[in-house]
Amino acid sequence: KKDSKKSSPKKTYDYSGLERGMRLQVESDGTWYAAEVAAVSTSKNRSNAPVKVSYKGYEGYDEWVGGARLKSKALKVTVEKPEPKERKPFEKPVLYYFPFAGRGELTKLIAAAGGLEIEMGKLPEDRKELCSDCGAVGTGLPVLTHGKVKVSQSSAIQNYVALVAPKFRRLPPQVRAIDMMWCAHIEDLIGDAAKAGIFPVLFAGDTSNFKKDELKASLEKWFGLFERLAPAEGFVTGGKVPTAADCCAVLLYKACAPFSYFYKHGDFDADKYPKFKALAERAAEAKGLKEYCESSESLKL
């Protein structure tokens, strides 16, 4: 079993200032007693306990002791500083997704807002093994790896990134709950859009099952909710910086695919929701998100 206590730093004692007859204190069984130096040995055999002491008021109890049991201004103590441990370089989370925004973009926005660097992994031609290792059914994306952590499902990935992002590590549970609620709303919005038959239109030009009015109604429902929840000023959870909830607003106003195509094919005007749009604009100007929005290629695809 490993010793859970931290090892004490090594101390070196210089006894050259101690002289016979000099008064000092000696520790015995946890108690410090008055004593005086009876002798100081320079013999190698006595290197661990080179000072013979006589206890005041206790005749016949002289003993040889080492520096760890002595207190005296004449005893010089040098404490060795331990060598600093080499820190392992931080291993960046690796996100696997397509090059457009889709369901992977919100994770990247959360990482940018939270000051977390992530890498985009190269998708293998056959991603069955990758997705299986990450707990996915089939070959669905996104998936994320971070050392031994391997996860699938957009919401799980978003939550994990929000948990490990440096700027978000001290967020209280109440804030995290609101953040994940907003992220879940985004997933439901995408799900409702899918029910309207928009994805066959986008990926194959198949309009046979497309329901324009249904798509528009679902967008109006969700944007109406976000408009109601969006603050008139500041950010969703009341902090000084945007969190995952605010990233949802940035996603819906800044990401191209598939969201701008939802609006186009559903004849939907996202500008009719002023509080929600203003929230997106404020968040997109915050440090981290601003640089990401300016440089991101996936936002524009």
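You'll find the structure just up there.
The model shown is predicted, which means the values in this text are computed figures rather than measured ones. (Residues numbered from 1 in each chain as written. Predicted model: local features only at pLDDT ≥ 70, side-chain atom pairs only at ≥ 80, totals over all residues. Heavy atoms only, no water.)

A. Expanded view of the overall build of the chain. Helix and strand counts for the chain come out as 10 helices and 11 strands. The principal-axis extents of the C-alpha atoms in the chain amount to approximately 105 × 45 × 30 Å. Sorting the 301 residues of the chain into buried and exposed places 41% on the buried side. In the chain, the share of contacts with a sequence separation of at least 24, taken over all contacts with a separation of at least 6, comes to 64%. (Helix = DSSP H or I, 4+ residues; strand = E, 2+ residues; numbered from the N terminus. Buried < 20%, exposed > 50% of the residue type's maximum accessible area, 1.4 Å probe, protein only. Contact = heavy atoms within 4.5 Å.)

B. Structural view of the environment of Thr 139. Along the chain, Thr 139 turns up in the loop between α2 (128-133) and β10 (143-146). Each C-alpha atom of the pair Thr 139 and Arg 127 lies 6.2 Å from the other, and the pair is 12 residues apart in sequence.

C. Quick peek at the nonpolar core. Counting residues in hydrophobic clusters, the biggest one holds 61 residues, and the most contacted among them are Ile 110, Phe 223, Leu 252, Phe 262, Tyr 263 and Phe 276. Per-element accounting of this core gives the leading share, 9 residues, to helix α7 (residues 244-254). Among all residues touching Tyr 263, those that are not within four sequence positions of it are Leu 219, Phe 223, Leu 252, Phe 268 and Ala 270. Grouped together as the second largest cluster of nonpolar side chains are 13 residues, Leu 18, Ala 35, Val 51 and Val 65 included. (Core = buried A, V, L, I, M, F, W, Y, C linked by side-chain atoms within 4.5 Å.)

D. The sheet that holds strand β5 (residues 63-65), seen in detail. If you trace the 5 strands from one edge of the open sheet to the other, you get β5-β4-β3-β2-β6, paired in antiparallel fashion. On the outer flanks of this sheet lie β5 and β6 (70-71), each paired with one strand and no other. In terms of strand pairing, strand β3 (residues 31-40) meets strand β4 (residues 51-55) through 5 bridges, oriented antiparallel. Residue pairing across strands places Val 37 opposite Val 53, the latter belonging to β4. (Pairing = 2+ DSSP bridges.)

E. Structural detail: the pattern of salt bridges. Within the structure shown, the criterion is met by 10 salt bridges. One salt bridge connects Glu 27 with Arg 69, and the closest N-O pair in it is separated by 3.7 Å. Of this pair, Glu 27 sits in strand β2 (residues 23-28) while Arg 69 sits in the loop between β5 and β6; the two residues are 42 residues apart in sequence, bridging distant segments of the chain. Residues Asp 271 and Lys 277 are paired through a salt bridge, measuring 2.9 Å at the closest nitrogen-oxygen approach. Under the relative-accessibility criterion, Asp 271 is labelled partly exposed at 48%. For Lys 277, a relative accessible area of 26% corresponds to the partly exposed category. A single salt-bridge network, built from bridges that share partners, covers Glu 27, Glu 63 and Arg 69. (Salt bridge = Lys/Arg side-chain N within 4 Å of Asp/Glu carboxyl O.)

F. Region of interest: the packing of helix α4 (residues 173-195) against helix α6 (residues 212-229). Two numbers describe how α4 lies on α6: the axes approach to 8 Å, and their chain directions differ by 165°. On the basis of their axis angle, the class for α4 and α6 is roughly antiparallel. Pair α4 / α6 crosses with left-handed handedness. Seen from α4, the contacting residues are Met 181, Trp 182, His 185, Ile 186, Asp 188, Leu 189, Asp 192, Ala 193 and Lys 195; seen from α6, they are Glu 214, Leu 215, Ser 218, Leu 219, Lys 221, Trp 222, Phe 223, Leu 225, Phe 226 and Leu 229. Split into classes, the residues belonging to the contact of α4 with α6 amount to 12 nonpolar, 2 polar and 5 charged. (Axes fitted to C-alpha atoms, helices over the stretch in contact; angles between N-to-C directions. Parallel < 35°, antiparallel > 145°, perpendicular 65-115°, else oblique. Left-handed = near helix turned anticlockwise from the far one by under 90°. Nonpolar A, V, L, I, M, F, W, Y, C, P; charged D, E, K, R; others polar.)

G. Layout of the state of the cysteines. In total, this model carries 0 disulfides according to the counting rule given. With no disulfide of its own, Cys 134 has Cys 131 as its nearest cysteine by sulfur position, at a separation of 6.9 Å. For Cys 134, a relative accessible area of 3% corresponds to the buried category. For the unlinked cysteine Cys 247, the closest cysteine sulfur is that of Cys 248, found at 7.1 Å. (Disulfide = S-S within 2.5 Å.)

H. Fine view of the pairing of β3. In this structure, β2 lies alongside β3, joined through 6 bridges in antiparallel fashion. Considered in β3, the bridge of Val 26 is made with Tyr 33. Between β2 and the antiparallel strand that follows it, β3, lie 2 residues; Asp 29 among them carries a positive phi value of about 55°.

I. Structural view of the environment of Gly 67. Mapped onto the fold, Gly 67 is located in the loop between β5 and β6. Note on Gly 67: relative accessible area 4%, which makes it buried. Residues Gly 67 and Thr 12 lie 55 residues apart in sequence; the distance between their C-alpha atoms is 8.3 Å. Those residues in contact with Gly 67, other than ones at most four positions away along the chain, are Tyr 13, Tyr 15 and Leu 75.

J. View of the packing of aromatic side chains. Per the stated rule, a full pass over the model turns up 21 aromatic pairs. A centroid spacing of 5.6 Å and a plane angle of 15° characterise the contact between Phe 98 and Phe 100, whose relative ring orientation is stacked. A relative accessible area of 26% places Phe 98 in the partly exposed class. Measuring from ring centre to ring centre gives 5.6 Å for Tyr 263 and Phe 268, while their planes differ by 50°; the resulting arrangement is tilted. As far as burial versus exposure is concerned, Tyr 263 and Phe 268 are alike and both buried. Lying across the ring of Trp 32, Lys 71 places its NZ or CZ 4.4 Å from the centre. (Phe/Tyr/Trp six-rings, centres within 6.5 Å; stacked < 30°, edge-to-face > 60°. Lys NZ or Arg CZ within 6 Å of the ring centre and 35° of its normal.)

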